[in-house]
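Survey of secondary and tertiary structure
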Amino acid sequence: MVWSTVYLVIAVIAGIIGIWNLARQRSVFLSLTGILWFLIILFERFIPKVYDYRIAEGVPALGSLCLYVVVPIFLILAFFTTFYRR
């Protein structure tokens, strides 16, 4: 129970930092990754019907698909985007 709360608090912090970085026009993909990870954890903990939704037979659940495919793709894209300070 305690680790679940810690995991949620870390996700909230990642979401806040993602919104803050997006507002300051920093790395878009890294910001979206923080926000997306927060939403995935929120759905996993409080709205499990959305997290466990299956698109088709044989395809992983929607939450697992986002957590293990979409978030890493956004992180990889964040490494390859350039940021120029003005």
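See the structure above.
Residues numbered from 1 in each chain as written. Predicted model: local features only at pLDDT ≥ 70, side-chain atom pairs only at ≥ 80, totals over all residues. Heavy atoms only, no water.

1. Thoughts on the overall build of the protein
A tally of helices and strands in the protein yields four helices and zero strands. Secondary structure of the protein in N-to-C order comes out as α-α-α-α. Over its C-alpha atoms, taken along the principal directions, the protein stretches across nearly 45 × 30 × 15 Å. By sequence separation, contacts in the protein at least 24 residues apart represent 48% of the contacts at least 6 residues apart. As presented, the protein carries roughly 6,600 Å² of accessible surface, and 72% of it is formed by carbon and sulfur atoms. (Helix = DSSP H or I, 4+ residues; strand = E, 2+ residues; numbered from the N terminus. Contact = heavy atoms within 4.5 Å. Areas by Shrake-Rupley, 256 points an atom, 1.4 Å probe, with all protein chains shown as cover.)

2. Comments concerning the nonpolar core
One finds Leu 8, Ala 11, Ala 14, Trp 37, Ile 40, Ile 41, Tyr 51, Leu 67 and Val 71 forming the largest nonpolar core, which totals nine residues. Secondary-structure elements contributing two or more residues to this core are α1 (2–23), α2 (28–46) and α4 (62–80). Those residues in contact with Val 71, other than ones at most four positions away along the chain, are Thr 33, Leu 36, Ile 40 and Cys 66. (Core = buried A, V, L, I, M, F, W, Y, C linked by side-chain atoms within 4.5 Å. Buried < 20%, exposed > 50% of the residue type's maximum accessible area, 1.4 Å probe, protein only.)

3. Concerning the packing of aromatic side chains
Counted according to the given criterion, the structure contains two aromatic pairs. Between Phe 29 and Phe 74, the ring centres sit 5.8 Å apart and the planes meet at 85°, which makes this aromatic pair edge-to-face. Here Phe 29 is found in helix α2, whereas its partner Phe 74 is found in helix α4, with 45 residues between them in sequence. Overall, the relative accessible area of 27% leaves Phe 29 in the partly exposed class. We classify Phe 74 as partly exposed; its relative accessible area is 22%. (Phe/Tyr/Trp six-rings, centres within 6.5 Å; stacked < 30°, edge-to-face > 60°.)

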